[in-house]
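A closer look at the structure
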Amino acid sequence: MKKQIPALAALAESIGDPQVRNRGTIGGSIANNDPAADYPAGLLGLGATIKTDRREIAADAFFTGMFETALEDDEIVTSVSIPVPKKASYAKFPNPASRYAIVGVMVAQGPAGTRVAVTGAGPGVFRVAEMEKALESNFSANAIEGISVPASGLNADMHASADYRAHLVGVMARRAVTAAS
Ligand SMILES: Cc1cc2nc3c(=O)[nH]c(=O)nc-3n(C[C@H](O)[C@H](O)[C@H](O)COP(=O)(O)OP(=O)(O)OC[C@H]3O[C@@H](n4cnc5c(N)ncnc54)[C@H](O)[C@@H]3O)c2cc1C
């Protein structure tokens with residue numbers, strides 16, 4: 001993973017602590033679809049396909065809402081397939097205690113197109129179409145400087161308000177683009 005998609009390796013290294021990383025699985029993380037989990041942003045941002053014991057599901061259709069996925073009750077994730085991007089990076093503002101993402105943004109450009117996927121900010125992982133469009137023609141932090149995500153509907157809790165999370169989406173997206181460039 002480190003050689004082919006270093007951005008995903010870095011994402012994995014940012015999860016929790018060594019104990020959590022050694023016990024947690026990609027299948028468990030994406031099936032659980034915690035709104036602050038990192039792998040959902042990684043797989044959505046990289047345009048992955050989730051393979052189960054009965055079908056293939058594009059990441060775009062897999063993550064359906066807070067702790068909700070397209071999986072049926074007894075359906076098991078058996079593997080994930082990820083196209084190797086030309087450029088990709090994951091930037092995360094972690095909760096200092098759990099390391100879950102207060103906001104995390106995966107940006108990627110490659111065979112799956114130009115993609116920006118956000119975790120932590122909203123009830124579920126989501127893409128930012130306006131940023132993707134701007135980055136398609138100019139993959140630079142400047143290209144998305146003025147683009148913001150509305151705070152309405154974003155998560156708010158003791159760690160961060162919806163306004164702060166909306167602000168972090170822009171900051172993390174620009175950091176990720178700079179790192180990917
Ligand atoms: C202290 C702490 C800190 C954490 N920090 C982070 C963090 O920074 N970032 C982050 O992303 N996550 C974080 N996590 C979450 C962690 O990384 C795991 O993703 C999470 O705990 C799920 O664990 P698991 O993989 O063992 O799945 P399980 O707990 O075994 O399963 C979770 C759910 O998914 C289902 N499931 C499991 N595997 C499959 C499968 N193959 N197919 C279908 N359904 C399946 C189970 O039935 C269950 O409903 C943290 C967790 C803890 C406890």
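Right, let's walk through the structure included here. In this text, all values refer to a predicted model and were calculated from it rather than measured experimentally.

So, how was this worked out
- Residues numbered from 1 in each chain as written.
- Predicted model: local features only at pLDDT ≥ 70, side-chain atom pairs only at ≥ 80, totals over all residues.
- Core = buried A, V, L, I, M, F, W, Y, C linked by C-beta atoms within 7 Å.
- Buried ≥ 20, exposed ≤ 12 C-beta atoms within 10 Å, placed from the backbone.
- Helix = DSSP H or I, 4+ residues; strand = E, 2+ residues; numbered from the N terminus.
- Contact = placed C-beta atoms within 7 Å.
- Near = placed C-beta within 6 Å.
- Pairing = 2+ DSSP bridges.
- Axes fitted to C-alpha atoms, helices over the stretch in contact; angles between N-to-C directions.

Quick notes on the nonpolar core
Residues V105 and M106 are the most contacted members of the largest nonpolar core, which totals 54 residues. For this core, the secondary structure elements donating two or more residues are helix 1 (6-13), helix 4 (38-46), helix 5 (59-62), strand 6 (87-94), strand 7 (101-110), strand 8 (113-119), helix 6 (129-137) and helix 7 (162-180). For this core, the leading source of residues is helix 7, giving eight residues. If we ignore the near neighbours within four places in the chain, the residues touching V105 are A41, A91, V116, V118, V169, M172, A173 and A176.

Let's talk about the site of the ligand
As a structural note, the neighbourhood of the ligand is formed by 20 residues, with G16, G24, G27, G28 and A31 the closest of them. Elements that contribute at least two residues to the shell around the ligand include exactly helix 2 (18-23), helix 3 (26-32) and helix 4.

Overview of unusual backbone geometry
A positive phi angle is found at N33, which is not glycine, with a value near 50°. Along the polypeptide, N33 turns up in the loop between helix 3 and helix 4. In this model, R99 sits at a positive phi of 75°, which is unusual for a non-glycine residue.

Side note on the sheet that holds strand 7
In spatial order, the strands read 6-7-8-9; together these four strands make up an open sheet with antiparallel pairing. In this open sheet, the two strands that pair with only one neighbour each are strand 6 and strand 9 (126-127). Sheet topology note: the strand 7/strand 8 ladder contains seven bridges and is antiparallel. Bridging from a neighbouring strand, G104 pairs with T119 of strand 8. Contacts between helix 6 and the sheet are confined to strand 7, strand 8 and strand 9, with strand 8 contributing the most and set at about 145° to the helix. Where helix 7 meets the sheet, its contacts fall on strand 6, strand 7 and strand 8, and the angle it forms with strand 7 comes to roughly 40°.

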